[in-house]
Amino acid sequence: MADSANDSANDSATGAEIQLTNVTKRYPGSREPAVSDVTLTIPAGKIVILVGPSGCGKTTTMRMINRLIEPSSGTITVGGEDTRKLNPDELRRRIGYAIQQAGLFPHFTVAQNIAVVPGLLGWDRKRVGDRVDEMMDLVGLDPAQFRHRYPRQLSGGQQQRVGVARALAADPPVLLMDEPFGAVDPITRGNLQDELLRLQTELRKTIVFVTHDFDEAVKLGDKIAVLGDRSAVLQYDTPETILANPADDTVAGFVGAGASLKQLTLLRVRDVDYSDTAVTAVGEQESPAELRGRMTAEGRTWALVLDARRRPLRWVHVRDLATTASLATVGRPVGDSVSTQSTLQDALEAILVEGGNAVVTGSRGEYVGTIDITTVTDTIAHIREEHDMGSATS
Ligand code: ADP
Ligand code: MG
């Protein structure tokens, strides 16, 4: 789903295809295999979610891809290469791996944690240092502030960001993520999900993401593999298709009630008609008097003050402008905002928090427009109509 609107961008995929063929894992001493005869193709540059109940073999399946667990039988290729023919250490340097609770080394600083794989690859100090800063920027952690901290000095969400930065540091074509956001609160979790989608529009890695949360699967997946016992693939398709047409009763049960309303989490802000003209956007250095003139002429009440990189700072009401000498000292901070990648569900929450227009930002956090409640309610009405028509004819 994440890229159904821009399939042409697939050309720039940097990821590698992963192919599992008749893969089975039998742990020593277990009578039943933990994973039995799984065949699955994970396309290059896509996010594929493995979703299924606890104990169904998701982690085992994922860990066989980077040979943290050796398959008992079957074949796995990454970028067309049989992983058995590669040295496991070398293989793992080509495959980023992020897990729940980040799995950071507690006695290493943030920078040292991120630098682990580049260090193993023998990069020189300068290149490693630059890469650490670049990765921290990428995941939204200020290097100056966080570089020398230890994991225990970070929040859960910040630790997960470091975990993702570390997994990406050597620029691997493949990223494996095993319930990476499972241990953080729901709001942080939503933010990290949005970040991952934003990152992926730039990186186009092949991402295999394990979760037991179907909503997370719907939000993040280009494709979802719904797994049953022993990782049996019950259905492998786009989120839309699985929601609309669950393959069997087991999948339907997993998809859960209210599947049609989950469609809200399938739509993203960039899919709907948000506005780039509803409010006046202005740089912080602009004169309040000039802005006031402009707003009065345009019949505007609210302006949005942006920083030098066009990131939103504060809302200013036109009546505040008469009495101030600088836009740097007026207005109220922007509360919640959404990105073009955010789901309509998230947009709805932001609109409620902001009490009107919610700011929409682009991939660099820059202002691109605003979205209001009418846009969301119109969209919901439209989904309902389509859904009612669908169920009337089926
Ligand atoms: P999931 O990630 O979906 O929760 P796992 O892959 O961790 O599932 O586990 C699948 C099955 O394999 C479970 O029954 C689990 O108990 C078993 N299992 C996992 N790791 C081992 C192991 N090292 N030795 C024996 N059995 C294991
Ligand atoms: Mg697991």
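The structure reproduced in this document is the subject of the present report. Since we're looking at a predicted model, the values are computed, not measured. (Residues numbered from 1 in each chain as written. Chains lettered and ligands numbered in written order. Predicted model: local features only at pLDDT ≥ 70, side-chain atom pairs only at ≥ 80, totals over all residues. Heavy atoms only, no water.)

So, on to the site of ligand 1. Every residue near ligand 1 is listed here: Tyr27, Ala34, Pro53, Ser54, Gly55, Cys56, Gly57, Lys58, Thr59 and Thr60. Between ligand 1 and Tyr27 there is a distance of 3.3 Å, counted from a nitrogen atom to a side-chain nitrogen or oxygen. With respect to ligand 1, the side chain of Thr59 contributes an N or O atom lying 2.8 Å from an oxygen atom. Notes on ligand 1: free accessible area 560 Å², of which the protein chains cover 55%. (Near = heavy atom within 4 Å. Polar contact = N/O pair within 3.5 Å; in protein donor to acceptor, adjacent residues only side chain to side chain. Areas by Shrake-Rupley, 256 points an atom, 1.4 Å probe, with all protein chains shown as cover.)

For the rest of this paragraph, the subject is the pattern of salt bridges. The tally for this structure, following the rule as stated, stands at 24 salt bridges. With a shortest N-O distance of 2.5 Å, Lys126 and Asp130 are connected by a salt bridge. Here Lys126 pairs with Asp130, and both are found in helix H5 (residues 125-138), just four residues apart, close to one helical turn. Taken together, the shared-partner salt bridges connect Arg161, Glu195, Arg198, Glu202 and Arg364 into one network. (Salt bridge = Lys/Arg side-chain N within 4 Å of Asp/Glu carboxyl O. Helix = DSSP H or I, 4+ residues; strand = E, 2+ residues; numbered from the N terminus.)

Further remarks concern unusual backbone geometry. With a phi angle near 60 degrees, Arg67 is a residue other than glycine that sits in the positive phi range. Secondary-structure assignment places Arg67 in the loop between helix H1 (58-65) and strand S4 (73-78). Looking at Arg67, the relative accessible area reads 14%, which means it is buried. Of note in the backbone geometry, Arg230 takes a positive phi value of approximately 55 degrees without being a glycine. Residue position: Arg230 is located in the loop between strand S9 (223-227) and strand S10 (233-237). Relative accessible area serves as the criterion here: at 35%, Arg230 is assigned to the partly exposed category. (Buried < 20%, exposed > 50% of the residue type's maximum accessible area, 1.4 Å probe, protein only.)

Checked against the element boundaries, Leu203 lands in helix H8 (residues 186-203). Classification of Leu203 as buried rests on a relative accessible area of 18%. With 33 residues separating them along the chain, Leu203 and Tyr236 place their C-alpha atoms 24 Å apart. Setting aside chain neighbours within four positions, we find Leu203 in contact with Thr14, Leu138 and Leu168. (Contact = heavy atoms within 4.5 Å.)

Turning next to the pairing of strand S17 (residues 367-371). The buried count for S17 comes to four of five residues, which makes it a mostly enclosed element. One ladder, built from four bridges, connects strand S16 (residues 358-361) with S17; its direction is antiparallel. Directly across from Val359, in S17, lies its bridge partner Thr370. What sits between S16 and S17 in their antiparallel hairpin is a turn of five residues, with Gly365 showing a positive phi close to 80 degrees. (Pairing = 2+ DSSP bridges.)

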